[in-house]
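# Coordinates in review
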Amino acid sequence: MASKPRKPIDLGLDNYNELFMNEQERMENRLPRIYTIPISEIDEFPDHPFQVRMDEDMDQLVESVKERGVITPVTLRKKEDGRYETVSGHRRIKASELAGLETVPAEIKELTRDEAILLMVDSNLQRSYILPSEKAMAYKMRLEALRRMPGRPAKNPSPENSVPVGQNFDGKTTREIIAANSPDSNTQVQRYIRLTELAPDLLQLVDEGKIAMRPAVELSYLNDIEQQDLVAQIAESEATPSHAQAIKMRNFSKEGKLNPEVIESIMLEEKPNQRPKISFKYEKLKKYMPSDISYEKTTKYVIDALQYYKKHLERRREQER
């Protein structure tokens, strides 16, 4: 016997509206709430390692903000004094300021100091061009923040947290955790963090590409006085140490025998395959390269472009014959 068709339940207009409003409220709760915050109430992140450069990219960002406003909201953290602290979006805030805006759209997050550091570093590591000094300080800040967080290794482990320094409960070191969430390997992360031990003048030479990563790491083990002596010798000789020379200096330093005379003697040694070098500032090359070419791939891109141009000239000579 066929069953009778059921009558649709009449919720009534009031019930329907209530259901609709509840669903809409649930959807809104899933989305971050965006506020309009005056730029004058926003402070810089303390010891922010990433520079906000006034370059061609900034000019383009300013023009974009003038035309369309800030499309992606910045992320802020509420401070105890009632003001706000930038966690991510430093360039967007500066561009808004230059564009003449007084406010920016922002997501306000409740974060501890260490949570804010981790988010700040993660968001800025996505930049296409990062100086070695910026990455070095960012990795160091992230390492220290991870070590301070609950469940992370402690310098003086208690019975409840008896894990060696640098090792997490899952068997990974903090540097391995950082490497897993960054574009660099564990070894490279360690090298970058060592750069924070360099004197500012030496670190600047690394940023300028005049000292490579591996010799820079060796030089980071010299004490402050030895590093200043090296800076003076670099200025006098107008040359920077090779990897082999940097290793020698580190060994002499370990034995307590590194002084200005020894540094000069090492620097005067002829470097293997020593040849004059041509160097270009990255900012000058950048405007001729596609935006998706990162700093690390610049050398390969320039060599490929020169090889292409050489073939073009050879083809043209063939056609002219």
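Everything discussed here concerns the structure shown above.
As the structure is a computational prediction, the values presented were derived from the model and not from experiment. (Residues numbered from 1 in each chain as written. Predicted model: local features only at pLDDT ≥ 70, side-chain atom pairs only at ≥ 80, totals over all residues. Heavy atoms only, no water.)

## Remarks on the packing of aromatic side chains
One pass over the full model with this rule turns up one aromatic pair. Above the plane of the ring of phenylalanine 45 lies arginine 113, whose end atom (NZ or CZ) is 5.0 Å from the centre. Lying across the ring of tyrosine 221, arginine 250 places its NZ or CZ 3.6 Å from the centre. (Phe/Tyr/Trp six-rings, centres within 6.5 Å; stacked < 30°, edge-to-face > 60°. Lys NZ or Arg CZ within 6 Å of the ring centre and 35° of its normal.)

## Digging into the sheet that holds strand 2 (residues 42-43)
Within the open sheet, the five strands sit side by side as 1-5-3-4-2. Their pairing is mixed. At either margin of the open sheet sits one strand with a lone partner, and together these are strand 1 (34-38) and strand 2. Here strand 3 (residues 74-78) pairs with strand 4 (residues 84-88) via four bridges, running antiparallel. When the bridges of strand 4 are listed, lysine 78 appears paired with tyrosine 84. Most of the contacts of helix 3 (residues 90-98) go to strand 4, to which it runs at about 120 degrees, and overall it touches strand 2, strand 3, strand 4 and strand 5 (103-109). Along the sheet, helix 4 (residues 113-124) makes contact with strand 3, strand 4 and strand 5, crossing strand 4 at roughly 45 degrees. (Pairing = 2+ DSSP bridges. Helix = DSSP H or I, 4+ residues; strand = E, 2+ residues; numbered from the N terminus. Contact = heavy atoms within 4.5 Å. Axes fitted to C-alpha atoms, helices over the stretch in contact; angles between N-to-C directions.)

## Some remarks on the environment of alanine 232
Following the sequence through the fold, alanine 232 ends up in helix 10 (residues 224-237). In the structure, alanine 232 is positioned 32 residues away from glutamate 264 in sequence and 9.8 Å away in space, judged by C-alpha atoms.

## Looking at the side chain of glutamate 226
Tracing the backbone shows glutamate 226 in helix 10. For the buried glutamate 226, no salt bridge is present, and the opposite-charge side chain at shortest range is arginine 250, 9.8 Å distant. Leave out the neighbours within four places in its chain, and glutamate 226 touches Ser253, Leu258 and Ile263. (Buried < 20%, exposed > 50% of the residue type's maximum accessible area, 1.4 Å probe, protein only. Lys, Arg positive; Asp, Glu negative; His and termini not counted. Salt bridge = Lys/Arg side-chain N within 4 Å of Asp/Glu carboxyl O.)

By themselves, these figures tell us nothing about what the structure is for.
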